Amino acid sequence: MIIDIKNFSKKYKVKLKSGFPKDIFYPSFTEILAVDKISFSVEKGESVALLGPNGAGKTTTMKVLTGLIYPTEGDIKVLDHFPFDRNKDFLKRIGLVMGNKTSLEWDLTPMQSFQLNKHIYKIPEKAFKKRLDELSEILSVGKLLDIQVRKLSLGERMKMELINSILHNPQVLFLDEPSIGLDIIAKQKIRKFLRDIQKTTDVTLLLTTHDMDDVGKVTDRVIVINEGRLFFDGSMDKLLYKYRNKKYLTLIFSEKIVAKEVKKYGKIVEKRPSSYTIEIEAGKQPEIINAIMQNLPIEDIDITHVPLEEIIADMFNSKTN
Amino acid sequence: MKLSEFKENLKDKLIIIKAVSVYTFQQETAYWVNTWAHVLSTFFYTLSMILFIDVLYTNVNLVAGYSINEMLLFLLVGQSTYYISWLVYSNISNLITDVNNGNLDLILVKPISSLFYILFRKINVFGVLRDSLPPLLLIILKIDWGVFSFTPANLISGIIIALMGIVISLTFHLIMSLPVFWIGESSNIVEFSSHLEYNVGKIIPLEGYQQNYRFLFSSAIPFLISTGISTSVMLGKSNSIIMLVGSLTVMILILNMRKLAWNKALKAYTSASS
């Protein structure tokens, strides 16, 4: 077992706003329960997505698993260590990538940051060079290693972040929204890269994301957390089973259209000044698009899966009802 | 800890310090033109201090029992300890920023003592040499060295006390930065403690203080050690053994306090959300 969590909870102390001067002299606090007694385990080589809406508790869970924050209660083991002890042996065997934060020095080149990490992780020179050559070739960034980080694009920087976090060959790689803000090409490359290294090195992956394509292409198992509680743990197919026949069409019109005209083609789920999003049956997608193109002044159509937030909200409602 | 473990640990830390120094040098030289502007600022500050001392001693021979050359030596020790602190001081203000924006996350996952890495992740060797050499040279040339009769014991004791004083002052500033883990900000607290260090420790010699203040500023607020006490010991005005033992005691106490406070702070760390 690589990760084993039993009854993990985390509470945060939050200051209440009571106004001046009470805020300064007698501040009052309340506790917010971010994660409420969740339990799960992950086996070696598994690739698991931790999903949930904003504020669900997934990033808190990941931060506890990497030893960044202290759990309020629960029994937590990662690679047989209590993460918060931050034992050197444990830290050498994990890697962390955070989509919104950079571990690379902005004013230096990626190579200079990699060199520093080589010393910190005690990677032998030969192994470092070999690994770096392999990774930069797979991610096609060999020519960018000596360019200042601030001059790289977001996608290029994220590839460098990935290299930085796995140069030392971690056994578990934690990824917090690794594809956030990236364009479709960069997302595809990073997904393929993650899948490849997971298959070839047997690294265990745990990622949080809001992007359903990340989940489908990188992970085999999905854990859904909502309002701090775990309420789904299974395969992606199982999660989407109920929604596999649904698609969302976002229709952008060249002129104003009344809702009545759009309603004929599907259930309206979102309405904006010059666009509507409708829910349709996946099997009828070609004929519905054809009919819309012929009858309405359409400028553009965007086809998407049912958003994760809605699936979770729907699941949550059906459970509580 | 076993001796072999201690040696291994020390070796690791020296390797990191070397790597970090190179890394910081690369950062400091990334913007070549900007880096030189600071030299002018430090040089003119020292020049104004020398002029002030010259003016001060026009009508008097002694200030707080110090002759003009002794006062210039005090200035030299004060400036030297300030520049040595500067090697790593920026790491304390960076810690506050990193706690606020959550970038501390990516430091805490490194397999190295977090407290050590926080304090030494940037070592501004090049910047400090560049900024300190011209003004220090100015003071050295201004001092009439022939008037001093240092004993080797006093000189070595004074230097050791100055180094311990630097560790003590930096540790005090680090402890002052830790409220950021609970209240979300502490830059003004650190700024206050830095001003206090300058005003208490770098302007008035030890002998200028009454006994009560000497005790206060050598213990609870230990800013007299790096410059006031060390210069006094070098000049033979204070007992070197007593001051060495006293400074060592304060250093051991404050380093232990720092470790306790750091462990408490990490437990309170909530990590800014991504």
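About the cut-offs
Residues numbered from 1 in each chain as written. Chains lettered and ligands numbered in written order. Predicted model: local features only at pLDDT ≥ 70, side-chain atom pairs only at ≥ 80, totals over all residues. Heavy atoms only, no water. Pairing = 2+ DSSP bridges. Helix = DSSP H or I, 4+ residues; strand = E, 2+ residues; numbered from the N terminus. Axes fitted to C-alpha atoms, helices over the stretch in contact; angles between N-to-C directions. Contact = heavy atoms within 4.5 Å. Salt bridge = Lys/Arg side-chain N within 4 Å of Asp/Glu carboxyl O. Buried < 20%, exposed > 50% of the residue type's maximum accessible area, 1.4 Å probe, protein only. Core = buried A, V, L, I, M, F, W, Y, C linked by side-chain atoms within 4.5 Å. Phe/Tyr/Trp six-rings, centres within 6.5 Å; stacked < 30°, edge-to-face > 60°. Lys NZ or Arg CZ within 6 Å of the ring centre and 35° of its normal. pLDDT = per-residue confidence, 0-100. Parallel < 35°, antiparallel > 145°, perpendicular 65-115°, else oblique. Left-handed = near helix turned anticlockwise from the far one by under 90°. Nonpolar A, V, L, I, M, F, W, Y, C, P; charged D, E, K, R; others polar.

## Considering the sheet that holds strand E4 (residues 73-78) of chain A
Residue and element names in this part refer to chain A.
For step 1, the next point in the chain: The three strands are arranged E2-E1-E4 in an open sheet whose pairing can be described as antiparallel. Of all the strands in the sheet, just strand E2 (29-42) and E4 have a single pairing partner and so form its edges. Pairs of neighbouring strands in the sheet enclose a mean axial angle of 30 degrees, with direction left out of account.
For step 2, the next point in the chain: Note that strand E1 (residues 3-15) and E4 share five bridges and pair antiparallel. Note that in E4 the partner of Ser9 across the bridge is Glu73.
For step 3, the next point in the chain: Helix-sheet contacts for helix H2 (residues 58-65) involve E1, E2 and E4, and the interaxial angle to E1 is about 115 degrees.

## A closer look at the pattern of salt bridges
Residue and element names in this part refer to chain A.
For step 1, the next point in the chain: On inspection of all chains with the given rule, the structure shows 25 salt bridges over all chains.
For step 2, the next point in the chain: One salt bridge connects Lys187 with Asp211, and the closest N-O pair in it is separated by 2.9 Å. Pair noted here: Lys187 is in helix H7 (residues 184-201) and Asp211 is in the loop between strand E7 (204-208) and helix H8 (212-218), with a separation of 24 residues, a long-range link.
For step 3, the next point in the chain: Given the relative accessible area of 17%, Lys187 is considered buried.
For step 4, the next point in the chain: Counted as one network, the salt bridges with shared partners bring together Lys187, Arg191, Asp211 and Asp214.

## Regarding the nonpolar core
For step 1, the next point in the chain: Of all hydrophobic cores here, the largest spans 115 residues; its most connected members are Ile3, Phe174 and Leu194 of chain A together with Phe181 of chain B.
For step 2, the next point in the chain: Not counting chain neighbours up to four residues away, the residues in contact with Phe181 of chain B comprise Leu95, Val99, Leu104, Trp262, Ala265, Leu266, Ala268 and Tyr269 of chain B.
For step 3, the next point in the chain: Ranked by size, the runner-up nonpolar core spans 20 residues in total, among them Ile53, Tyr57, Tyr83 and Ile143 of chain B.

## Thoughts on the packing of aromatic side chains
For step 1, the next point in the chain: Under the defined criterion, the tally for this structure stands at 17 aromatic pairs over all chains.
For step 2, the next point in the chain: Aromatic pair Phe181 of chain B and Trp262 of chain B: ring centres 5.7 Å apart, planes at 90 degrees, arrangement edge-to-face. Highlighted residues: Phe181 of chain B in helix H8 (residues 180-183) and Trp262 of chain B in helix H12 (residues 240-268), separated in sequence by 81 residues.
For step 3, the next point in the chain: Given the relative accessible area of 6%, Phe181 of chain B is considered buried.
For step 4, the next point in the chain: Residue Trp262 of chain B is classed as buried on the basis of its relative accessible area, which comes to 2%.
For step 5, the next point in the chain: Aromatic ring contacts, followed pair by pair, group Tyr70, Phe82 and Phe84 of chain A into a single cluster.
For step 6, the next point in the chain: The ring centre of Phe84 of chain A lies 5.0 Å from the NZ or CZ of Arg86 of chain A, which sits over that ring.

## Some points on the confidence of the model for chain B
For step 1, the next point in the chain: Mean pLDDT over chain B: 91, with 96% of residues reaching 70 or higher.
For step 2, the next point in the chain: The ipTM for the predicted assembly is 0.79, set against a pTM of 0.83.

## Quick notes on the packing of helix H7 (residues 152-177) of chain B against helix H9 (residues 187-201) of chain B
Residue and element names in this part refer to chain B.
For step 1, the next point in the chain: For the pair H7 and H9, interaxial distance at closest approach is 8 Å and the crossing angle is 155 degrees. Relative to H9, the element H7 lies roughly antiparallel. Regarding H7 and H9, the two cross each other, and that crossing is right-handed. Contacts from Ser169, Phe172, His173, Met176 and Ser177 of H7 reach H9 at Ile189, Val190, Ser193, Ser194 and Glu197.
For step 2, the next point in the chain: Taken together, the residues of the contact of H7 with H9 sort by class into four nonpolar, five polar and one charged.

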